[in-house]
Amino acid sequence: MRILRLESTDSLAELKEQYLLQTTAPLDGMWLFGFVPMAAHYGFHDGEDLIGFCCVNAEGYLLQLFLSASHRHLSPQVMEPLLRPDGPSGELHGAFASTAEPQYLSLCLDHFPTFEVNALMYQRDRPPGASAHEIDGGIPPLVPIEGAQIATAVAFAVENIGAPEDWLAGYYANLISRRELFGVWAEDRLIALGENRRNDGAQVDCADLGVVVAQSERGKGIATEVMRRLAIANDAKGLLSICSTERTNIAAQKAIVRAGFFAHNRILRLRRAAVRV
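Cut-off values and rules
Sequence positions are assigned chain by chain, starting from 1 and proceeding in written order. Totals for whole chains, interfaces and linings use all residues, but because this is a predicted model, local features are given only for residues with pLDDT of at least 70 and pairs of side-chain atoms are given and counted only at 80 or more. Only heavy atoms go into the side-chain values, all of them from the structure, while hydrogens and water stay out. Orientation is described by lines fitted to C-alpha atoms, with helices fitted over the stretch in contact, and by angles between N-to-C directions that extend from 0 to 180 degrees. By the criteria applied, helices consist of DSSP H or I runs no shorter than four residues and strands consist of E runs no shorter than two, each listed in order from the N terminus. Working definition: roughly parallel below 35 degrees, roughly antiparallel above 145 degrees, roughly perpendicular at 65 to 115 degrees, and oblique for all remaining angles. Left-handed describes a crossing in which the near helix is turned anticlockwise from the far one by less than a right angle; the clockwise case is right-handed. In this analysis, two residues are considered to be in contact whenever any of their non-hydrogen atoms come within 4.5 Å of each other. Each residue is placed in one exposure class: buried if its accessible area under a 1.4 Å probe, protein chains only, is under 20% of its type's maximum, exposed if it is over 50%, and partly exposed if it falls in between. Here the rule is simple: two strands pair whenever DSSP picks up at least two bridges between them. The criterion is simple. A nonpolar core is a set of buried Ala, Val, Leu, Ile, Met, Phe, Trp, Tyr and Cys residues joined through side-chain atoms within 4.5 Å.

**Student:** Quick question: what am I supposed to make of the packing of helix 5 (residues 150–161) against helix 6 (residues 165–177) here?
**Tutor:** Pairs of packed helices are described in terms of their axes, by the angle between the two and the distance that separates them. In the contact formed by helix 5 and helix 6, the axes pass within 10 Å of each other and the chain directions differ by 130°. Compared by their axis directions, helix 5 and helix 6 come out oblique. The crossing of helix 5 and helix 6 is right-handed. Here Ile 150, Ala 153, Val 154, Ala 157 and Val 158 of helix 5 come into contact with helix 6, specifically with Glu 165, Leu 168, Ala 169, Tyr 172, Ala 173 and Ile 176.

Here you go:
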């Protein structure tokens, strides 16, 4: 078997589809459509046949690994060279895997026995009778952010969550063009942003939600209300609302649960066992 770095992931389209079919729940959109595409991809070749792939991020963490059903028994042979310091991707320090990826997670646990919860993965639990009457809340309406307002939105997010300005500019420009970024305004002041990201090509029946609230306005239930309004709009379209947050962000977890979500799965950070001296 040969493991070769791929300059393009075009050849992996069918294998990527098979990978998603064996997951037990929708994967987090930021990981699936943000972090994974930026990682280095490697193809597993049996002769001339492409039988699987893996991807490794710049920090040396495995993000996905998959072998077609007829070659799944070769998993140990794949992991052996990947784990060597002189392996095709360089030395692996660990992996990120979710509990919604049981085959991949099981393989990771065999080789990376030290792990911790990195993030919680939520799905909307649609309560009986959910309707527009739920979305009262006493906060101003959600309105789409327009192109002329992008500088305000970017500055707002930089100030309130500290995300990189250059990355936010491109990310928000895409959301605005798709009318997937919404604002809550108190008079002329932006007090919250809500994201409702639809996916193209995979998990098309889902939408990833996100919210940023001004630091001065936190603790007033705004995050919960923004999440709930976006989720109920998705319910009406037959879309499953999903989201995630870091394990340490207790305030976000409380807001998400109050909006009608439940943490069905976890994203784990796994590492190689520490060497005893």
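**Student:** Is there a simple way to explain the side chain of Ser 89 in this structure?
**Tutor:** You can see Ser 89 is positioned in the loop between helix 3 (75–83) and strand 5 (94–98). Relative accessible area serves as the criterion here: at 18%, Ser 89 is assigned to the buried category. Setting aside anything within four residues of it in sequence, one finds Ser 89 in contact with Tyr 42, Val 56 and Leu 82.

**Student:** Help me understand the pairing of strand 6 (residues 114–124) in this model?
**Tutor:** Every other side chain in a regular strand lies on the same face of the sheet, so the side chains alternate between the two faces. When strand 6 meets strand 12 (residues 261–271), the two strands line up antiparallel, connected through 10 bridges. Bridge assignment links Gln 123 to a residue of strand 12, and that residue is Phe 262. Where strand 6 meets strand 11 (residues 240–246), five bridges bridge the pair, whose relative direction is antiparallel. When the bridges of strand 11 are listed, Met 121 appears paired with Ser 244.

**Student:** Would you mind showing me how to read the nonpolar core here?
**Tutor:** A general trend in soluble globular proteins is that nonpolar side chains are found buried together. Core analysis: the largest hydrophobic core is formed by 38 residues, its most contacted members being Phe 44, Leu 65 and Leu 82. If you look at the next biggest cluster of nonpolar residues, it comprises 21 residues, including Tyr 122, Phe 182, Leu 209 and Ala 255.

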